[in-house]
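For reference, the chains in residue letters:
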Amino acid sequence: CMIKYQEDKKKELGFMRDSNITYVVSTHELGVLKEMLPTVDIRILSNIYDVSKGTQNGRRDRSGAVFVGNICHQPNIDAVEFILDEILDNGLPKSFLIHVVLSRSAICAPVDMMERLKEHRNVRLHLDVSNIDLEKIHDHALVVLAPLRYGAGVKGKVNYGLLHGIPVICTSIASEGMNLENKKNVYLANTGDEFVKAIKELSSNTALWSNIQAEGVKIMAEYFGMDTASEIILKSLKDLGVGLKYPNTPN
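Predicted, not measured: the structure shown is a model, and the values here were computed from it.

Take the state of the cysteines next. Tallied over the full model, the rule gives 1 disulfide. A disulfide bridge connects Cys-72 with Cys-108, and the sulfur atoms are separated by 1.8 Å. Residues Cys-72 and Cys-108 are joined through a disulfide that is right-handed, its torsion about the S-S bond being 90°. In this pair, Cys-72 sits in the loop between β3 (65-70) and α3 (74-87) while Cys-108 sits in helix α4 (residues 105-108), placing the two residues 36 residues apart along the sequence.

Below, the structure is given as structure tokens:
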């Protein structure tokens, strides 16, 4: 495995050296690669969302938490086990529900873990739901949980929660490279106790919930919207000397 890793690393770094511009999705990856390749032009082009389609419903009629993940991705399996072992039965209110939404469940889901999820009184398990149903679940959730303890790149579950106007409780790893700040646009937690504390605080502190919601929506527009992506791509083309012509405009 190490030999394969070194071969792949050498190839990827070679591609970057041979390219005019390299895009990465997060500030963390930008920092790592700039140390390796200080003379290479590396820029951030992150996950892209139509922020105009996001929903920012208020706190009223919201309850519980939601976790979303492709269960074929090992960090998501670890995150679900963390929810089961470290968050549930750790002082949460008895009526608090965690909606666990898993995709590709027929292919990869560990049997023992699935049984634990089905049997727990504080869990509602949703398997391979439609995009419409996923939006409905988010529209009624109070918070999004992202207890990822390893994994690279920008985390789509965090983006999706912010896009739908829901405060996200996430680990440092889950928020890595996304310009997120604790208790400003997300709530950072790295242990089970910290997740439970965050859930309780966001359940009782309406002002904090609303502030984090509003700032999270701003982050999506500033760094992950289509307008931002367009500006980055157009600047790259201009820097490369590519002439762009638009319909009905003079030469």
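Nonpolar side chains collect at one region of the surface, where Leu-234, Leu-240, Val-242 and Leu-244 lie side by side and expose about 310 Å² of accessible area between them. Overall, the relative accessible area of 43% leaves Leu-240 in the partly exposed class.

With that out of the way, let us pick up the packing of aromatic side chains. For any pair of aromatic rings, the description rests on two quantities: the centre-to-centre distance and the angle between the ring planes. A complete count under the given rule lists 1 aromatic pair for this structure. Between the aromatic rings of Phe-82 and Phe-195, the centroid separation amounts to 5.7 Å while the plane-to-plane angle is 65°, which identifies the pairing as edge-to-face. Placement of the pair is Phe-82 in helix α3 and Phe-195 in helix α8 (residues 192-204), with a sequence separation of 113 residues. Owing to a relative accessible area of 4%, Phe-82 belongs among the buried residues under this scheme.

Pairing is parallel in the open sheet, where 6 strands are placed in the order β5-β4-β3-β6-β7-β8. Unpaired on one side and paired on the other, β5 (123-127) and β8 (187-188) mark the two borders of the sheet. In this structure, strand β6 (residues 143-146) lies alongside strand β7 (residues 168-170), joined through 3 bridges in parallel fashion. Bridge pairing in β7 places Val-144 opposite Val-168. Sheet contacts for helix α5 (residues 111-119): β4 (98-103) and β5; angle to β5, the most-contacted strand, approximately 125°. Here helix α7 (residues 156-163) sits on the sheet in contact with β3, β6 and β7, set at roughly 170° to β6.

Attention now goes to the pattern of salt bridges. Side chains bearing opposite charge may pair, as long as their charged atoms lie close to each other. Taken as a whole, this structure holds 9 salt bridges when the rule is applied. With a shortest N-O distance of 2.8 Å, Arg-43 and Asp-41 are connected by a salt bridge. Between Arg-43 and Asp-239 there is a salt bridge, and its shortest N-O distance comes to 3.0 Å. Taken as a pair, Arg-43 in strand β2 (residues 42-44) and Asp-239 in helix α10 (residues 226-239) lie far apart in primary sequence, 196 residues in all. When its relative accessible area of 18% is taken as the criterion, Arg-43 is described as buried. On the accessibility criterion, Asp-239 (41% relative accessible area) is partly exposed. Because the salt bridges share partners, they merge into one network encompassing Asp-41, Arg-43, Lys-235 and Asp-239.

On inspection of all chains with the given rule, the structure shows 1 cavity of 30 Å³ or more. Empty space within the largest cavity amounts to approximately 30 Å³. Lining the largest cavity are Leu-45, Ser-46, Asn-47, Ile-48, Tyr-223, Phe-224, Gly-225, Thr-228, Ala-229 and Ile-232. Top contributing element to the lining of the largest cavity by residue count: α10, with 3 residues. Considered class by class, the residues forming the lining of the largest cavity number 6 nonpolar, 4 polar and no charged.

Ranked by internal contacts, the top residues of the largest apolar core, which has 59 residues, are Val-80, Ile-87, Ile-98 and Ile-169. No other element matches α3, which puts 7 residues into this core. Residues within four places of Val-80 in sequence aside, it is in contact with Phe-67, Ile-71, Val-100, Leu-102, Met-113 and Leu-117. Core analysis: the next-biggest nonpolar cluster, separate from the first, contains 7 residues, Leu-13, Leu-33, Val-40 and Ile-42 among them.

Along the chain, Asn-159 turns up in helix α7. Take Asn-159: its relative accessible area is 0%, and that puts it in the buried class. Along the backbone, Asn-159 and Tyr-49 are 110 residues apart, and their C-alpha atoms lie at a distance of 8.6 Å. For Asn-159, the contacting residues outside a window of four places in its chain are Asn-47, Tyr-49, Val-154, Met-178, Met-220 and Phe-224.

Parameters and conventions
Residues numbered from 1 in each chain as written. Predicted model: local features only at pLDDT ≥ 70, side-chain atom pairs only at ≥ 80, totals over all residues. Heavy atoms only, no water. Disulfide = S-S within 2.5 Å. Helix = DSSP H or I, 4+ residues; strand = E, 2+ residues; numbered from the N terminus. Patch = residues over 30% accessible without salt bridge, like charges linked within 9 Å, V, L, I, M, F, W, Y side chains within 5 Å. Areas by Shrake-Rupley, 256 points an atom, 1.4 Å probe, with all protein chains shown as cover. Salt bridge = Lys/Arg side-chain N within 4 Å of Asp/Glu carboxyl O. Buried < 20%, exposed > 50% of the residue type's maximum accessible area, 1.4 Å probe, protein only. Phe/Tyr/Trp six-rings, centres within 6.5 Å; stacked < 30°, edge-to-face > 60°. Pairing = 2+ DSSP bridges. Contact = heavy atoms within 4.5 Å. Axes fitted to C-alpha atoms, helices over the stretch in contact; angles between N-to-C directions. 1 Å grid on protein atoms, 1.4 Å probe; cavity = no way out; pocket = protein on both sides within 12 Å on 5 of 7 lines; lining within 4 Å. Points joined across faces, edges and corners; volume = space filled by probe spheres on them. Nonpolar A, V, L, I, M, F, W, Y, C, P; charged D, E, K, R; others polar. Core = buried A, V, L, I, M, F, W, Y, C linked by side-chain atoms within 4.5 Å.

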